[in-house]
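# Per-entry structural report
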Amino acid sequence: MFLNSLTVKKLLLTAGLLIVLGSGVCQLPELQDYLFPVNNLESISRQARRECSRIRDDLRTLNERVDYLKWFQAHNGPDQRISKDRLLAFPFSEAIRPLAPRYFWQTNIRLAHKNRLKVERKLQYLQSRLNNIDPNPPAHPPQAGPAMPAKSAAVSGSMKQIQQFQNQLIDYKSNLMELSKQLAWL
Amino acid sequence: MRVDRLFSPIMIILALAAFLLLFGLDNRPFWQDEAETAGLAKNVLTYGVPRAYDGLNIISQERGSEFDGNFLWRWSPWLQIYVAAAAFRLGGLTTFAGRLPFALAGLACIFLVYQLVRRNLGDRTWALCAAALLTCSVPFLLYARQCRYYSLGAFFTLMSLYAFKEDWQSRFRPALLLCLSIGFLFYTNYLLFFSYVMPTLLVGLWLYPGEFPLKRTTIITIATLIIIVPGLFLFRIQEQSHIINLAVIPNNLENYFRDLVQYMIPLPIAAYLLWRWRRFFWTRAGIPGESGEKFILFLGLIILGNIIVLSLAPQCEHRYLVHLYPLCAIILGWVILKTWRYHKISGVLLAFLLFVTNWLYLVPMDWLQISNRPNQTNRQMLTYPNLPLRLFLTELFSPYADVNRNFIRFFQTQARPGDLILTTYGDLPLQFYTPFQVIGGLQGKISPSRPPDWVVSRYEIRYNRNYQLQDAEKFIREKLSLTADYQAIILPWEDEPFGNRPDPYYHRFVPATKPLAQIVIYKKLTRRQHVP
């Protein structure tokens, strides 16, 4: 029985390490490029989708924090009861608000600015990435005839998506500017 | 020397470490922080003391609050400045000379790790394993190859531990070594001193209560205080303490612990150690009896205490953890051996993962979605699953001209004597390598007597600690008309944020395949060039 449990533990340890090893090998950049080649446009489009979703999340958090701070300012003080909704959204801040209102204010103002800066940097980097896309990418190796229209359709699809992302970035920028103004007034 | 001693495993490790630390040491020029140390060291050669002003340029990254009315540097401790100055005196004002003593200190750290474990804990295999792990730690190598205090901090930390494990209670030399290493740690960086000494003392008293004789401990404490007291006043620590901000503590703690498991001790190993020592946190009965494991617990608690103290400081940077890398190597070496003795195959797998890859650090963090990958990172950096040594060797053998090198070359060939350069960042490398007056950066308020001849508006916008635009950025936006009075020169190189910054979140081993933003330099138009 003892031997069995020891063997199982050893097997689990080896299996765990092997899983990490396998996962690491699969994520090696060179091997990934070799095993799962994607065209440049597709990869940028995928990355832009991921980044846009993060920016959206960050903007939502910033918006909520600015609203939270405005609410705190309007009600002028810590005597407000702890709210369940706010506790879910900002557990730490809401918990310390009645105890240390000044610390609460400083922490949240700082976090809001940090959040603003994070979004600003993300927008800047993503915009450069999208603006830098080469509209005439280098020619791909010759392929069989029927595959060509499918390929160009995929490329034009990706370009369309990228255009959509660029439009989204404009919206995000104006949203960020508005929130930055509100933050400056606080 | 006998042949078997010459080719002993530790000599082979040290030879490999010497190659990794010294080869291509001057491939890239100093980046901003290194250039601060190098610039001050250059001034030491002229004035004998670190002056922030040399009659042409001002060295500052904190809006001028680092020096007094006589431009005497009173911000960071002077040891690193004098070490760099001595190297410049011996080797000339070169990048290689500036970095050499710090790289040698890094090499000494690797030997000390070996010596500490072998001599005091008596396990040569563990000692070799720990020394080899530190040699293969790419973040540690990057930091040790900088003209900055990082490797000195690690060296004095190790030296104090070495002295502590010697018979300092009754012998004079180890006691003196303990006192001096702690004192020098203060003059290396007082943040490291405060974050290391307090937790070490408390943990030492808790784990080794019988090893602190009152009289000797008091003498050493007083002697250390005598060494550091002048520095407490010289470096204006009291004035700097107002920048401690309680608001940042939770965030700092989160970031430091994330850094720890992302680069220093993998999350599964940290979790295993916590589980193994779980009884210790409730009762003293849980303290391991075996001296090796007890020492590992000692190191683990020092790291924990360090992070807690560090989180009080406003700036949260990975560089403040560098002195803990050797401690982590000792812990990981012990874990590898423990695993090997438990199950050979697992031991080999674990050793492979820790020596060759960063997968055990990043893959579990990816599964939990807690890995930290700022948006400027790419797949060829340490923030992604990689073979770190391969990336590092690629950089050594295929060096590329980074952003600072390109700026230096441009101004060395294009600017004329007496020209004034304004830049939003990277002013200090330009000051060190070129003969021109360079203003801007993080120097603070700008009031040039004439419009600058050259303006560099870096792609990454810089903010101060209060998240307000830096003065140089403001000056360019509010006082200059770049479109009307300047000609934009777009260069084909990438405007990367820092250059040779060793921080694993920022260090680029290979250049980006397609630059995100190109370098733009504005040249002042002469009257004749102005278009009405």
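Just so it is clear, the model here is predicted, and its values are computed rather than measured.

## Comments concerning the overall build of chain B
- What chain B contains, in helices and strands, is 23 helices and 5 strands.
- In terms of C-alpha radius of gyration, chain B reaches 24 Å, essentially the compact-globule figure of 24 Å for 532 residues.
- Taking the principal axes of its C-alpha atoms as reference, chain B extends roughly 85 × 55 × 50 Å.
- Residue burial in chain B is summarised as follows: out of 532 residues, 46% are buried.
- Put simply, 73% of the contacts in chain B that link residues at least 6 apart link residues at least 24 apart.

## A closer look at the overall build of chain A
- Summing up its helical and strand segments, chain A has 7 helices and 0 strands in all.
- In chain A, the succession of α and β elements from N to C terminus is α-α-α-α-α-α-α.
- Of all 186 residues assigned to chain A, the portion counted as buried reaches 17%.
- Considering only intrachain contacts with a sequence separation of at least 6, the fraction spanning at least 24 residues in chain A is 82%.

## Looking at the packing of helix α5 (residues 95-121) of chain B against helix α6 (residues 124-135) of chain B
All names here are of chain B.
- As a packed pair, α5 and α6 sit with axes 8 Å apart at the nearest point and diverge in direction by 160°. In terms of axis orientation, α5 runs roughly antiparallel to α6. Between α5 and α6 lies a crossing whose hand is right-handed. Touching Cys109, Ile110, Val113, Tyr114, Val117, Arg118 and Leu121 of α5 are Arg124, Trp126, Ala127, Leu128, Ala130, Ala131, Leu134 and Thr135, all from α6.
- By residue class, the composition of the contact of α5 with α6 is 12 nonpolar, 1 polar and 2 charged.

## Focus on unusual backbone geometry
Residues and elements named next belong to chain B.
- At Phe71, a residue that is not glycine, the phi angle is positive and equals roughly 65°.
- Note on placement: Phe71 falls in the loop between α3 (32-47) and α4 (79-91).
- At Gln369, a position not held by glycine, the phi torsion is positive, near 55°.
- Summarising the element assignment, Gln369 is placed in the loop between α18 (359-368) and α19 (388-397).

## A look at the environment of Gln73(A)
All names here are of chain A.
- When you line up the elements, Gln73 lands in helix α3 (residues 40-75).
- What makes Gln73 exposed here is the crowd of 12 C-beta atoms within 10 Å.
- When the C-alpha positions of Gln73 and Leu18 are compared, they lie 54 Å apart, and in sequence the two are 55 residues distant.

## So, the environment of Val363(B)
- Tracing the backbone through its elements, the reader meets Val363(B) in helix α18.
- Residue class for Val363(B) comes out buried when judged on the 24 C-beta atoms lying within 10 Å of it.
- Residues Val363(B) and Gly69(B) lie 294 residues apart in sequence; the distance between their C-alpha atoms is 52 Å.
- Apart from the residues within four sequence positions on either side, Val363(B) is in contact with Val20(A), Ser23(A), Gly24(A) and Pro385(B).

## Comments concerning the interface of chain B and chain A
- Counting from both sides, the interface comprises 25 residues of chain B and, opposite them, 25 residues of chain A.
- Looking at the side of chain B that touches chain A residue by residue, the class counts come to 17 nonpolar, 6 polar and 2 charged.

## Focus: the sheet that holds strand β1 (residues 420-423) of chain B
All names here are of chain B.
- Strand order across the open sheet formed by 5 strands is β2-β1-β3-β5-β4, with mixed pairing between neighbours. Two strands in the sheet have a free side with no partner beyond their single neighbour: β2 (437-440) and β4 (486-494). Looking at each pair of strands side by side, their axes are set apart by 25° on average, direction ignored.
- Bridge analysis of β1 against strand β3 (residues 454-456) gives 3 bridges, and the strand direction is parallel. The partner of Ile421 across the bridge, within β3, is Trp454.
- Across the face of the sheet, helix α20 (residues 403-414) comes into contact with β1, β4 and β5 (518-524) while running at roughly 135° to β4.

## Looking at the confidence of the model for chain A
- For chain A, the mean per-residue pLDDT works out to 80, and 82% of the residues sit at or above 70.
- In the predicted structure, residues 139-145 of chain A sits below a pLDDT of 50 and forms 1 contact with residues beyond four places in sequence or in another chain.

## Points about helix α16 (residues 325-342) of chain B
- The end-to-end C-alpha distance of α16(B) is 25 Å, a good match for the 26 Å that 18 residues give at a rise of 1.5 Å each.
- Here α16(B) lies mainly inside the structure; 13 of its 18 residues are buried.

## Observations regarding the packing of helix α13 (residues 249-264) of chain B against α18(B)
All names here are of chain B.
- Contact geometry of α13 with α18 gives a least axis separation of 7 Å together with a crossing angle of 130°. Considering their axes alone, α13 and α18 lie oblique with respect to each other. Between α13, through Val261, Gln262 and Tyr263, and α18, the contact on the second element is made entirely by Tyr361, Leu362 and Met365.
- When its residues are assigned to classes, the contact of α13 with α18 shows 5 nonpolar, 1 polar and no charged.

## Some words on the nonpolar core
- One finds Val113(B), Ala130(B), Ala131(B), Leu134(B), Ile331(B) and Leu332(B) to be the most contacted residues of the largest nonpolar core, which totals 153 residues.
- The biggest single contributor to this core is α5(B), with 13 residues.
- Excluding residues within four positions of it along the chain, Leu134(B) makes contact with Cys109(B), Ile110(B), Val113(B), Phe140(B), Tyr325(B), Pro326(B) and Ala329(B).
- In this structure, Ile55(A), Val66(A), Val119(A) and Leu123(A) belong to the second largest nonpolar core, which totals 18 residues.

## Digging into the confidence of the model for chain B
Residue and element names in this part refer to chain B.
- Residues at a pLDDT of 70 or more form 96% of chain B, whose mean pLDDT is 92.
- The element-level mean pLDDT for chain B is lowest in helix α1 (residues 3-6), coming to 64, with helix α7 (residues 138-144) highest at 98.
- Two summary scores accompany this predicted model of the complex, namely pTM at 0.90 and ipTM at 0.87.

## Digging into the pairing of β5(B)
Residues and elements named next belong to chain B.
- Bridge count for β3 against β5 is 3 bridges, and the pairing is antiparallel. Bridge assignment links Trp454 to a residue of β5, and that residue is Lys523.
- Note: β4 against β5, 6 bridges, orientation antiparallel. Bridged to Ile490 within β5 is Val520.

## Considerations on helix α22 (residues 471-479) of chain B
All names here are of chain B.
- Taken together, the buried positions of α22 are Asp471, Ala472, Phe475 and Ile476. Relative to the axis of α22, the buried residues are bounded by an arc of 135° and lie together on one face. Summarising the geometry of α22, the exposed residues directed more than 90 degrees from the buried face are Arg477 and Glu478.
- Structurally, α22 contributes buried residues whose contacts are with β1, β2 and β3.

Conventions we followed
For every chain, the first residue of its written sequence is number 1, and the numbers climb from 1 along that sequence. Throughout, the order in which chains and ligands are written sets their labels, letters from A for the former and numbers from 1 for the latter. Totals for whole chains, interfaces and linings use every residue, but because this is a predicted model, local features are given only for residues with pLDDT of at least 70 and side-chain atom pairs only at 80 or more, for both listing and counting. In this description a helix means any DSSP run of H or I spanning at least four residues, a strand means any run of E spanning at least two, and both kinds are numbered starting from the N terminus. What the globule rule says is 2.2 Å times the number of residues to the power 0.38, and the radius of gyration is computed from C-alpha atoms. Around each residue's C-beta, the other C-beta atoms within 10 Å are counted; 20 or more make the residue buried, 12 or fewer make it exposed, and counts in between make it partly exposed. All C-beta atoms are placed from the backbone. C-beta atoms are first placed from the backbone for all residues, and any pair lying within 7 Å is then listed as a contact. Every axis in this analysis is a line fitted to C-alpha atoms, fitted for helices over the stretch in contact. Angles between the N-to-C directions lie between 0 and 180 degrees. When an angle is under 35 degrees it counts as roughly parallel; over 145 it counts as roughly antiparallel; between 65 and 115 it counts as roughly perpendicular; any other value is oblique. Helix crossings get a hand from a simple test, with the near helix turned counterclockwise from the far one by less than a right angle marking a left-handed crossing and a clockwise turn marking a right-handed one. In this classification, the charged set is Asp, Glu, Lys and Arg, the nonpolar set is Ala, Val, Leu, Ile, Met, Phe, Trp, Tyr, Cys and Pro, and all remaining amino acids, among them Gly, are polar. Here, strands pair whenever DSSP counts at least two bridges between them. pLDDT measures how confident the predictor is about each residue, on a scale from 0 to 100. Helix span, expected: 1.5 Å multiplied by one less than the number of residues in the helix. A set of buried Ala, Val, Leu, Ile, Met, Phe, Trp, Tyr and Cys residues, joined through C-beta atoms within 7 Å, is what we mean by a nonpolar core. Along the arc lie the directions from the helix axis toward the C-beta atoms.

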